4 protein chains.
Amino acid sequence: MQEKKLGFIGVGQLAQPMVKHLLDQGYEVLVHNRRRDPLEKLISKGAVYCQSPEDAVIEGGIMFNCLPDDTALLSVFHAHGTIFRKLGDKGLHVSLATISPQASKIVHERHKTLGGNYCVATVMGRPDVVENKRQFYIMAGESDQLDRVRPVLESIGGGVFTLGEKPEIANAAKLSFNFLIASAIESMAEAFTFARKNGVDVNQFYSMISETLFACPLYKNYGKAIIYRQFYEPLFKMALGAKDMNLVSSAAKECRTPMRVASVLQDRFTASLAKGRDNYDWLGIALDVEEEAGIVSESQG
Amino acid sequence: MQEKKLGFIGVGQLAQPMVKHLLDQGYEVLVHNRRRDPLEKLISKGAVYCQSPEDAVIEGGIMFNCLPDDTALLSVFHAHGTIFRKLGDKGLHVSLATISPQASKIVHERHKTLGGNYCVATVMGRPDVVENKRQFYIMAGESDQLDRVRPVLESIGGGVFTLGEKPEIANAAKLSFNFLIASAIESMAEAFTFARKNGVDVNQFYSMISETLFACPLYKNYGKAIIYRQFYEPLFKMALGAKDMNLVSSAAKECRTPMRVASVLQDRFTASLAKGRDNYDWLGIALDVEEEAGIVSESQG
Amino acid sequence: MQEKKLGFIGVGQLAQPMVKHLLDQGYEVLVHNRRRDPLEKLISKGAVYCQSPEDAVIEGGIMFNCLPDDTALLSVFHAHGTIFRKLGDKGLHVSLATISPQASKIVHERHKTLGGNYCVATVMGRPDVVENKRQFYIMAGESDQLDRVRPVLESIGGGVFTLGEKPEIANAAKLSFNFLIASAIESMAEAFTFARKNGVDVNQFYSMISETLFACPLYKNYGKAIIYRQFYEPLFKMALGAKDMNLVSSAAKECRTPMRVASVLQDRFTASLAKGRDNYDWLGIALDVEEEAGIVSESQG
Amino acid sequence: MQEKKLGFIGVGQLAQPMVKHLLDQGYEVLVHNRRRDPLEKLISKGAVYCQSPEDAVIEGGIMFNCLPDDTALLSVFHAHGTIFRKLGDKGLHVSLATISPQASKIVHERHKTLGGNYCVATVMGRPDVVENKRQFYIMAGESDQLDRVRPVLESIGGGVFTLGEKPEIANAAKLSFNFLIASAIESMAEAFTFARKNGVDVNQFYSMISETLFACPLYKNYGKAIIYRQFYEPLFKMALGAKDMNLVSSAAKECRTPMRVASVLQDRFTASLAKGRDNYDWLGIALDVEEEAGIVSESQG
């Protein structure tokens, strides 16, 4: 039996196209967001706006959260303990947020004590990717619960990877994945700058790598975007990239794993924020690489 | 008109399958190598062994070098100045070696002064890849000369990328390429170790990345090899990887490009050599990543 | 008028010799600590043990805290809001703890709202240094309040540096200071290992630096301790060093200052904890430097 | 018996005050330098200019070299093999240059084969320090030879440290020393920037460190110079600092010692050169630290 009524807490840039697709699929969706304005379009399509998080909870039903960070997640679930009771023994909380494994674990423990089941389904894909239903999900949790939410997610996206019983594993996997992406950006930026300084045509170099060993979406799409300097109309903001790299560094310390490339990225993102690039695309770390090499970056204007 | 007689100086692990393919294609090949033993098989197939480098030079013909490093290259061409005169105005020196752009430039200058044309065609692919004719070449030089050598290379490999008139550009491009490969190895090693410490099944994580954003030969093949710990029967030795990263670092200084991930790699390879892993595969830098994270590496035996 | 009755919350290894000296100076001291056992000696010397933090507060008086970290500090002051009211308008909270500027700011804000004055006096010196009254203090806060606590601190230590009106400045200065110390340890470990590998007698090298440009307590004392391998009977534990470097890294991100040597230290301490060295002296990061260089560290036993 | 006639090859900024002091002490000094102009003053004081290096060699006597780098040293001694024969069995070559242990070893080997004794006496101190006779020397070599040159050096400087029989040990020690200095500069720059961003008065912070744990010439002098931004009238040029850090990195690879802070310094100096700061003082790496932190550096003018 499929559940056709869903709750959604934290409906930002990434969650909005998801809710849109859910509405298109005929789901009834209760939405809560700190600010109502960004949701007007969804509301006009049929989403039901809820003033408080509790109101977006369906007893014994599925509730998604796509809150922005650890602090938001923990404070919502700390301040609104009634969520757990309302979800009850049958309810399911599906966390889509990019948060630390630690925070995920804390929420999981609370569910065990206070009620509601908990699983994680982190979203791989930026808002434009979700818009085109090409995102995929990294899931972890008890298999019964995963089975329950899988059809919902599959109806609005490209695929699901399942990792195990402990929900926080999916959070760790998402961080590993984002780390790999960011490290590929940094490495391309260094390689392109080095090549350019040596007189190599960067477009030719790009073709060379992206048609051979690195013939995959990440190097093709991000590589091209770096070369065409698509730094100023962000698909994923620098500030969010920095947040994710902070999560990686913190989680790395927590599990006692020195990650030296992650440390390089940490410093790179900190420098980018120090230079006021919060609203650039995170690919814009390439600018910092160039500036270090004495290449004066052209202004945006 | 195709040239069916070729010279080959420096016939190591990488050059041997190339010469074999050339013989198979009906080329007559003069080979010089410091040690004769490794060439016995090729000689029995028809390669003509030459005691001195000059003897492997065909007047006005094509001469390949696949010498191991800057020092070997510069000392051979310094000690054997007659090579230039024997090549003459019509001769062509094709450098396949992984050397610094600086050394390449020096040899180029000498050719301009002493005779012989010069172009670079660096080889992308390890010996096993060359064996299967799946390597490709990054070429640079005057287009007449590139046209001359291209059919020879295409007859024994997978493809050719052409970059411009200055030969040393192809050396720089090769270094950029190898840097990208090494940085992907380091990043995967860090990501896998982090994932593993957080309870993620690394095989599942591997599937996740290699079937989506990182669905390309590099991540697929090297990722699998890291997971299956293929460190002990080297396809590309640690000592050679370290040499290449030294070339990257030196060239980066030379062109005034700080490359922080290259610095991480430099330290990583130095540590691997310090631990006596010269003859491991260069993927074995993953062992150092694990040891740093307190994972005691199983012994090879 | 001097205040002869004082409260003390969080009486660990560092605070114990301070309280002892205060008792010796004739102060009456109320002490609160989560565990009572470590305080028996002080209690027998006259310290009055208090079950709850509030009980250690003297109305309108001076209360010190020397809690171990941000979490402890924030949870004590969150759970025991009555502390603020009991201190009242005239009371003074002196924070001796090594905490983040951010946490310090939060506590300061609460005092402004709920009562009590707040200043910071971070302690420079390990327990053995405090024992010998050779520690010094980095203070910040309103000058009236600093004047009030200065004689107390001067009676039991070596000196006071005063930095300005905002209390959290003293926390930042302490972190900068500890960062400088840790970076000197790392640099000496690298220099000594490099020297040793090149056949230099490390004792002679030590004399050379510590009698000339680096003739100061830090290089003299820590340099000697590294050479004599005083890693196993900690004067300042690795785990605490790691905590301090985490504070530095977090605060560096917070104020948008990339600190690359701090990132190196972060990775170094994480590796040391990964290898189970929590209870070594923080100088023991030198072992990790040696292991990276292929020097197999002798076991402790 | 003291030798009152000396040869000197390579008389740059550092060697000039040394020769001046030698003349003042009554020595007769033969000087060779690629360019004669900078030596006019010394010549007018009595130094004897020699067109070729051999002419500056006294048979069986002492010859100093203070050549700028490995390349200069090796090419002079390669091109002028007669130097060895002219020095003869009794002659002594004292190398004052900052060169790699490897290059030093090569020259040493040649002396063993071709004639002349060899020892190393690296100079600790910049030209202004040598001017005031406050430099000191790090020496290594056979003790007979060291005894022979010691009185000469002591007559014009502050002191001598002796390390052992292998001359190249003194080169390694000098590199370790310079590394320690550069790492202290980097660490201070990071600490000062961090402190400043947190509202700490950097002058007060400077007092705090330089009057306590870091009360030594290095932190006092260099710390003050960083704060007063003495970057533009170099006492030791950035380009020379970069050269020395290159020597450290290369020697570290050679002896298989990963030095992570040295890698940070390498990137820092490369960035400073990339920004065109070759003629700044090497303390100017602090500018790069600030720029990374978003602090726009004031122009020099």
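Fair warning: this is a prediction, and the values are worked out from it, not measured in the lab.

## Quick word on the overall build of chain A
Reasoning step 1: Along its length, chain A carries 13 helices and eight strands.
Reasoning step 2: A compact globule built from 301 residues would reach a C-alpha radius of gyration of about 19 Å, and chain A, at 20 Å, matches this within 12%.
Reasoning step 3: Out of the 301 residues in chain A, the part that is buried amounts to 58%.
Reasoning step 4: For chain A, restricting intrachain contacts to residue pairs at least 6 apart in sequence, the fraction spanning at least 24 positions comes to 66%.

## Thoughts on the domain arrangement of chain A
All names here are of chain A.
Reasoning step 1: Domain annotation for chain A reports domain 1 (5-166) and domain 2 (172-292).
Reasoning step 2: Taking the mean C-alpha position of each, domain 1 and domain 2 sit 29 Å from one another.
Reasoning step 3: Contributing elements (two or more residues each) for the side of domain 1 that touches domain 2: helix H5 (101-114) and strand S6 (117-124).
Reasoning step 4: Here the side of domain 1 that touches domain 2 is composed, by residue class, of four nonpolar, four polar and three charged.

## Here we look at the sheet that holds strand S4 (residues 62-65) of chain B
Residue and element names in this part refer to chain B.
Reasoning step 1: On the basis of which strands lie adjacent, the open sheet formed by eight strands has the order S3-S2-S1-S4-S5-S6-S7-S8 and mixed pairing. Two strands bound the open sheet, and with one partner strand each, they are strand S3 (48-49) and strand S8 (160-162).
Reasoning step 2: Two elements, strand S5 (residues 92-95) and strand S6 (residues 117-124), share four bridges in a ladder whose sense is parallel. Residue Leu 92 lies in a different strand from S6, and its bridge partner there is Asn 117.
Reasoning step 3: Contacts from helix H8 (residues 167-197) reach S6 and strand S7 (136-140), with the element oriented near 15° to S6.

## With respect to the environment of Ile 181 of chain C
Reasoning step 1: Structurally, the position occupied by Ile 181 of chain C is in helix H8 (residues 168-197).
Reasoning step 2: For the pair Ile 181 of chain C and Leu 218 of chain C, spaced 37 residues apart in the sequence, the C-alpha separation amounts to 7.4 Å.

## Looking at the pairing of strand S5 (residues 92-95) of chain C
In regular strands, side chains alternate between the two faces of the sheet.
All names here are of chain C.
Reasoning step 1: Neither face of S5 is exposed, since Leu 92 and Val 94 on one face and His 93 and Ser 95 on the opposite face are all buried.
Reasoning step 2: With four bridges connecting them, strand S4 (residues 62-65) and S5 associate as parallel partners. Looking at the pairing, Phe 64 lines up with Val 94 of S5.
Reasoning step 3: Crossover connection from S5 via helix H5 (residues 101-114) to parallel strand S6 (residues 117-124): handedness right-handed.

## So, the relation of the copies chain A and chain D
Reasoning step 1: In the superposition of chain A on chain D (RMSD 0.0 Å, axial shift 0.0 Å), the rotation amounts to 180°. With respect to symmetry, the two chain copies, as superposed, fit the operation of a two-fold axis. No C-alpha of chain A approaches the rotation axis more nearly than that of Glu 292 of chain A, which lies at 4.4 Å.
Reasoning step 2: Most of the interface of chain A is mirrored in chain D, where 100% of its interface residues are also at the interface.

## Observations regarding the environment of Met 245 of chain C
Reasoning step 1: As for its placement among the helices and strands, Met 245 of chain C is situated in helix H11 (residues 238-254).
Reasoning step 2: In this structure, Met 245 of chain C is in contact with Ala 182, Ala 262, Leu 265, Gln 266 and Phe 269 of chain C, ignoring residues within four places of it in sequence.

## Considering the interface of chain A and chain B
Reasoning step 1: In this complex, chain A contributes 53 residues to the contact, which on the side of chain B involves 54 residues.
Reasoning step 2: Those elements that provide at least two residues to the side of chain A that touches chain B are strand S7 (136-140), helix H8 (168-197), helix H9 (202-210), helix H10 (217-227) and helix H12 (260-274) of chain A.
Reasoning step 3: Per element, the largest residue contribution to the side of chain A that touches chain B is 17 residues, and it comes from H8 of chain A.
Reasoning step 4: Class assignment of the residues belonging to the side of chain A that touches chain B gives a composition of 34 nonpolar, eleven polar and eight charged.

## Some details on the sheet that holds strand S4 (residues 62-65) of chain D
Residue and element names in this part refer to chain D.
Reasoning step 1: Pairing within the open sheet is mixed, and its eight strands lie in the order S3-S2-S1-S4-S5-S6-S7-S8. Where the open sheet ends on each side, the last strands, each with one partner, are strand S3 (48-49) and strand S8 (159-162).
Reasoning step 2: Sheet analysis places strand S6 (residues 117-124) next to strand S7 (residues 136-140), joined by five bridges and oriented antiparallel. Residue pairing in the sheet places Met 124 in a bridge with Phe 136 of S7.

## Points about the packing of helix H9 (residues 202-210) of chain B against helix H10 (residues 217-227) of chain B
Residues and elements named next belong to chain B.
Reasoning step 1: Running from N to C, H9 and H10 point in directions that differ by 175°, and their axes come no closer than 10 Å. One finds that H9 runs roughly antiparallel with respect to H10. Contact residues: Val 202, Asn 203, Tyr 206, Ile 209 and Ser 210 in H9; Tyr 219, Lys 220, Gly 223, Lys 224 and Ile 227 in H10.
Reasoning step 2: Grouping the amino acids of the contact of H9 with H10 by side-chain chemistry returns five nonpolar, three polar and two charged.

## Here's the deal with helix H7 (residues 143-154) of chain A
Residue and element names in this part refer to chain A.
Reasoning step 1: If you check H7, its first and last C-alpha atoms are 16 Å apart, about what twelve residues at 1.5 Å a residue would give, namely 16 Å.
Reasoning step 2: Along H7, the positions that sit buried rather than exposed are Leu 146, Val 149, Val 152 and Leu 153. For H7, the angular spread of buried residues about the axis comes to 125°, placing them on one side. Exposed and oriented more than 90 degrees from the buried face of H7 are Ser 143, Asp 144, Asp 147 and Pro 151.

## Focus: the environment of Ile 227 of chain A
Reasoning step 1: Summarising the element assignment, Ile 227 of chain A is placed in helix H10.
Reasoning step 2: Once you skip the residues sitting within four places of it in the chain, Ile 227 of chain A turns out to touch Val 202, Asn 203 and Tyr 206 of chain A.

## Examining the confidence of the model for chain A
Reasoning step 1: Looking at chain A as a whole, the pLDDT averages 95, with 98% of positions reaching at least 70.
Reasoning step 2: For this predicted complex, the interface score ipTM comes out at 0.95, while the overall pTM is 0.96.

## Looking at the pairing of S4 of chain D
All names here are of chain D.
Reasoning step 1: Here S4 shows a buried face lined by Ile 62 and Phe 64 and a second buried face lined by Met 63 and Asn 65.
Reasoning step 2: Of the pairings in the sheet, the one linking strand S1 (residues 5-9) to S4 comprises four bridges and is parallel in character. By the bridge assignment, Gly 7 is partnered in S4 with Met 63.

## Details of unusual backbone geometry
Comment: phi is negative for the bulk of residues other than glycine, and the bulk of peptide bonds are trans.
Reasoning step 1: Notably, Arg 256 of chain A is not glycine yet its phi reads approximately 55°, a positive angle.
Reasoning step 2: Tracing the backbone shows Arg 256 of chain A in the loop between helix H11 (238-254) and H12.
Reasoning step 3: Taking the number of C-beta atoms within 10 Å as the measure of exposure, Arg 256 of chain A has 19 and is therefore partly exposed.
Reasoning step 4: Positive phi, normally seen in glycine, also occurs at Arg 229 of chain C, with a value near 55°.
Reasoning step 5: Inspection of the secondary structure assignment puts Arg 229 of chain C in the loop between helix H10 (217-227) and H11.
Reasoning step 6: What makes Arg 229 of chain C partly exposed here is the crowd of 16 C-beta atoms within 10 Å.

Here is what the cut-offs are and how they apply
- Residues numbered from 1 in each chain as written.
- Chains lettered and ligands numbered in written order.
- Predicted model: local features only at pLDDT ≥ 70, side-chain atom pairs only at ≥ 80, totals over all residues.
- Helix = DSSP H or I, 4+ residues; strand = E, 2+ residues; numbered from the N terminus.
- Rg over C-alpha atoms; globule rule 2.2 N^0.38 Å.
- Buried ≥ 20, exposed ≤ 12 C-beta atoms within 10 Å, placed from the backbone.
- Contact = placed C-beta atoms within 7 Å.
- Domains from an automatic or database assignment.
- Nonpolar A, V, L, I, M, F, W, Y, C, P; charged D, E, K, R; others polar.
- Pairing = 2+ DSSP bridges.
- Axes fitted to C-alpha atoms, helices over the stretch in contact; angles between N-to-C directions.
- Right-handed = clockwise from strand over helix to strand, strands pointing away.
- Least-squares fit on C-alpha atoms with pLDDT ≥ 70 in both.
- Parallel < 35°, antiparallel > 145°, perpendicular 65-115°, else oblique.
- Expected span 1.5 Å × (residues − 1).
- Arc of directions from axis to C-beta.
- pLDDT = per-residue confidence, 0-100.

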